[in-house]
Amino acid sequence: MVQHIVEQGTAKLAVPLGSAGRSHSLARLSGLRASPGWHVSGEAVREWRFEGFSLHPDGPCLFGAEVGGITLAQALELPLERAVPLLGRLAEALGTLADRAVPFFPLQSDAVVLDGRGGVLFLPPRVMREVRALRPFAENRDTFEALNHPDLQGEALASFTLGVCLYRAAVGRFPFTGADEEEIHEQARKLVLQPPAQLVPG
């Protein structure tokens, strides 16, 4: 989802809005623009916010300060030996946020950036929830629905999501899949999944 654009001569990180930018939801997104995300680097935590809207050939987008790196979605496509250290970094960043009393929020893999300096950027969850609600299920399936348990919260949800990410990195597919979110949620509730050893030879 994230893109890198140039706004008034300065590199920015952007999130395309698609249909959100052509509807009344733009006003809601504008109202949420001050809602924070967090850029975690070691023990340091800085709030990160979207700065404004911009119109580009592909449509309108929200933009904020540039953060280079790869998304969690891209990290899950890497070979296991490269993905595991990045997942370890993600776990440490979530722990740092918890130590700062930031309530855990469901992760969206294309809204988490693992930067090139050992940090992790979490795009503002309230804004991303609004954008996500306007996307079709097909766009949310592997970036959100497959990662999050419908009933868990807090540390339990964080542990579940990290486990799903590790499974995806090891096996090459998510443990819970389906034609709609209800099917995915039902599989997650029942923990219906194939053991990785059955899917990965050796």
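See the structure above.
The rules behind each value
Residues numbered from 1 in each chain as written. Predicted model: local features only at pLDDT ≥ 70, side-chain atom pairs only at ≥ 80, totals over all residues. Heavy atoms only, no water. Helix = DSSP H or I, 4+ residues; strand = E, 2+ residues; numbered from the N terminus. Buried < 20%, exposed > 50% of the residue type's maximum accessible area, 1.4 Å probe, protein only. Salt bridge = Lys/Arg side-chain N within 4 Å of Asp/Glu carboxyl O. Phe/Tyr/Trp six-rings, centres within 6.5 Å; stacked < 30°, edge-to-face > 60°.

**Focus: unusual backbone geometry**
So, point 1. Backbone geometry places Gln8, a non-glycine residue, at a positive phi of 55 degrees.
So, point 2. Structurally, the position occupied by Gln8 is in the loop between strand S1 (3-7) and strand S2 (10-16).
So, point 3. For Ala101, which is not glycine, the phi torsion reads 65 degrees and is therefore positive.
So, point 4. Examined against the element boundaries, Ala101 turns out to sit in the loop between helix H3 (80-99) and strand S8 (112-115).
So, point 5. The exposed category is assigned to Ala101, whose relative accessible area is 65%.

**Focus on the pattern of salt bridges**
So, point 1. This structure, assessed with the given rule, holds eight salt bridges.
So, point 2. The salt bridge involving Glu77 is made with Arg168; its shortest N-O contact spans 2.9 Å. Of this pair, Glu77 sits in the loop between helix H2 (72-75) and H3 while Arg168 sits in helix H6 (residues 154-171); the two residues are 91 residues apart in sequence, bridging distant segments of the chain.
So, point 3. Assessed through its relative accessible area of 58%, Glu77 is described here as exposed.
So, point 4. The exposure class of Arg168 is buried, given its relative accessible area of 10%.
So, point 5. Two residues, Lys190 and Glu186, come together in a salt bridge whose shortest N-O distance is 3.2 Å.

**A few points about the packing of aromatic side chains**
So, point 1. Counted according to the given criterion, the structure contains five aromatic pairs.
So, point 2. Where Phe105 meets Phe122, the ring centres are 5.8 Å apart and the plane angle is 85 degrees; that geometry is what we call edge-to-face. Within this pair, whereas Phe105 is found in the loop between H3 and S8, its partner Phe122 is found in strand S9 (residues 120-122), the two being separated by 17 residues in sequence.
So, point 3. Using a relative accessible area of 10% as the deciding quantity, one classes Phe105 as buried.
So, point 4. Judged by centre distance (5.8 Å) and plane angle (5 degrees), the ring pair of Phe160 and Phe176 falls under stacked.

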